[in-house]
Amino acid sequence: MASPDSINLIKGWPSTSLLPTKHLSRAAQIALADPSIAFPGLLYGPDEGYAPLRETLGVWLSDFYQPEQPVGKERITITGGASQNLACLLEVFTDPVYTRDILFAAPAYMLAFRIFEDNGFSGKMKAVPEDDDGMDMSLLRKALEESEKHSSGNKTPMFKPPRPYAKYYRHVIYCVPTFSNPSSRTLPLDRRIELVKLAREFDALVISDDVYDFLQWPADLNASPSSITKALLPRLVDIDRFLDGGPERSGADGYGNTTSSGSFSKIGGPGLRVGWSEGSPKFAYGVSQAGSSCSGGAPSQLTSTYMNILVKDGTMSEHIFKTLQPAYAARYKTLVSAIEAHLYPLGARLPQSNRQVVGGYFLWLTLPDTVNAIDFAKRCQNEAQVIIAPGNIFEVPGDDSVKFRHSVRLTFSWIDHDLMVEAVKRISLVLESCLKGERPEEAHKQDGVNENPY
Ligand SMILES: Cc1ncc(COP(=O)(O)O)c(C=O)c1O
């Protein structure tokens, strides 16, 4: 093998070279030098979050997603990022008994599992497999029907009191419909509409992590670099807002059935800990009433003031469209080209090959079906010093019905071009060796990937 230095293709972090430190430094100076910004920024914030950012986000999201009507600030609550928001959503809108199940588009974002477990859903999490176009809607319907069948008599929340600002949903569906982590797939429009209809029919809340939507570029590796400044597809929350009268249609309770979780983690930096939760005004207010926000005020109040400055004056858009999109597109191209050159000849494949636009941080690589992904990932680490994520870590805990024995996730956001190429060359040698049935001694040196590698 070439250089023994370890190469990390598992970390789903933004490249440090792309962090907007200069912009943030300017915004911080403006915010802290002006008492009209600094004082509210450093005090407890309103439950719904820093009002100027809610307003600015509404304008910004309207411009990007182009919904039929603009997004007003009453639809937005500021969060501490998608992860913290997920915890708040479950605290406010679920009951661990009345809420019958948590259905994940699988493979699923693995760090979400514990947040559901923390809220009492261990043993109630189920996988709905993706096909090449994302979550399979007929299997989702089946899963919803199945869990309704087994929940007769479960008519009231058992652990949460009635609340004037919230409702408890019977089901939760968790997904990343655009440039998914880990599968990189995008759910097409017809399935998005079907998903919203199913959620309405079964009183489900669809929690949609929309954290990669802005990071998109042409799938064609030979396309000349250009920014894509509008969203590819409507979000689930946009569909739910307008379909057949939306959450205010006759007979509906006004909460809606989907929420969009946005975040500056992937387009700014995760340390900012700022995101947003969008839903119907009633829903967005409910999110803000999580106990921790009522006690401590909305999270990330100070960094919200920085992000308000940068979004409002156009800096974030410019950073995303002129810096991040071309940079990640180039990284994507490097990784895909290396895979095509070194891994395709060995039978590995990438999903959803018919797309015009791709994006996000990840590639989901399916290995030949004689190659076990856990074994392969261990050998990549031990023999090639390349760290990759085996498919099993994206399997829903407690549900053995959906396995990813022959898939691995590779990240292109974190490491530089030359290292990506080197990593793929190294793992192609491991794959070749697996295909020949060789089992070198070193393959058993370590069990599993590095500790806390994500
Ligand atoms: C699908 C998904 N949701 C949420 C997160 C975490 O987002 P945040 O940093 O906003 O908590 C990630 C990060 O990897 C992610 O991939």
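Residues numbered from 1 in each chain as written. Predicted model: local features only at pLDDT ≥ 70, side-chain atom pairs only at ≥ 80, totals over all residues. Heavy atoms only, no water.

1. Let's talk about the site of the ligand
- Around the ligand there are 14 residues in total, and S83, Y212, S263, S265 and R273 lie nearest to it.
- A distance of 2.5 Å separates an oxygen atom of the ligand from a polar atom in the side chain of R273.
- Compared with its free state, where it exposes 400 Å², the ligand has 93% of that area covered by protein.
- Here the shell around the ligand is built from residues that sort into six nonpolar, five polar and three charged. (Near = heavy atom within 4 Å. Polar contact = N/O pair within 3.5 Å; in protein donor to acceptor, adjacent residues only side chain to side chain. Areas by Shrake-Rupley, 256 points an atom, 1.4 Å probe, with all protein chains shown as cover. Nonpolar A, V, L, I, M, F, W, Y, C, P; charged D, E, K, R; others polar.)

2. Notes on the side chain of H171
- Take H171: it is sitting in strand β6 (residues 171-175).
- Only 2.7 Å separates the side chain of H171 from the side chain of E148, close enough to count as a polar contact.
- Apart from residues lying up to four places away in sequence, H171 is in contact with T99, R100, D101, L144, S147, E148, F202, D203, A204 and L205. (Helix = DSSP H or I, 4+ residues; strand = E, 2+ residues; numbered from the N terminus. Contact = heavy atoms within 4.5 Å.)

3. Some remarks on the packing of aromatic side chains
- Counted according to the given criterion, the structure contains 26 aromatic pairs.
- Geometrically, the ring pair formed by W364 and F404 is edge-to-face, given 5.7 Å between the ring centres and 75 degrees between the ring planes. Taken as a pair, W364 in strand β12 (residues 362-366) and F404 in the loop between β14 (389-390) and β15 (407-411) lie far apart in primary sequence, 40 residues in all.
- One aromatic cluster in this structure is built from W60, F64, Y65, F214, F264, W276 and F321.
- The ring centre of Y169 lies 4.2 Å from the NZ or CZ of K167, which sits over that ring. (Phe/Tyr/Trp six-rings, centres within 6.5 Å; stacked < 30°, edge-to-face > 60°. Lys NZ or Arg CZ within 6 Å of the ring centre and 35° of its normal.)

4. Thoughts on the sheet that holds β14
- Strand order across the open sheet formed by three strands is β12-β15-β14, with antiparallel pairing between neighbours. Unpaired on one side and paired on the other, β12 and β14 mark the two borders of the sheet.
- Bridge count for β14 against β15 is two bridges, and the pairing is antiparallel. In the sheet register, A389 faces β15, and the bridge partner there is R409.
- Against the sheet, helix α12 (residues 315-342) contacts β12 and β15, and its axis sits at roughly 10 degrees relative to β12. (Pairing = 2+ DSSP bridges. Axes fitted to C-alpha atoms, helices over the stretch in contact; angles between N-to-C directions.)

5. A word on the pairing of strand β7 (residues 204-209)
- Of all six residues in β7, six are buried; the element is thus mostly enclosed.
- Of the two faces of β7, the one holding A204, V206 and S208 and the one holding L205, I207 and D209 are both buried throughout.
- Where β6 and β7 come together, five bridges link them in parallel fashion. By the bridge assignment for β7, I173 is matched with V206.
- In this fold, the crossover linking β6 to β7 by way of helix α7 (residues 189-201) has right-handed handedness.
- Examined bridge by bridge, β7 and strand β9 (residues 258-263) share four bridges and lie parallel to one another. (Buried < 20%, exposed > 50% of the residue type's maximum accessible area, 1.4 Å probe, protein only. Right-handed = clockwise from strand over helix to strand, strands pointing away.)

6. Here's the deal with the domain arrangement of the protein chain
- Domains assigned within the protein chain are domain 1 (7-18 + 317-444) and domain 2 (21-314).
- Between the C-alpha centres of domain 1 and domain 2 the distance comes to 27 Å.
- Between domain 1 and domain 2, the residue contacts involve 40 residues of the former and 42 residues of the latter.
- For the domain 1 and domain 2 pair, buried surface summed over both sides reaches about 3,700 Å², with 63% attributable to carbon and sulfur atoms.
- Taken together, domain 1 and domain 2 are joined by 19 residue pairs in polar contact (both at pLDDT 80 or more). (Domains from an automatic or database assignment. Buried area = accessible area lost by both parts, 1.4 Å probe.)

7. Section: the nonpolar core
- Counting residues in hydrophobic clusters, the biggest one holds 120 residues, and the most contacted among them are W60, F93, F116, F264 and F376.
- With twelve residues, the top contributor of residues to this core is α12.
- Taken domain by domain, the makeup of this core includes at least three residues from each of domain 1 (7-18 + 317-444) and domain 2 (21-314).
- With residues near it in sequence (within four places) discarded, F376 still touches L367, V371, I388, V408, I427, V430, L431 and C434.
- Within the second largest apolar cluster, 21 residues are counted, among which are L103, M137, L140 and A143. (Core = buried A, V, L, I, M, F, W, Y, C linked by side-chain atoms within 4.5 Å.)

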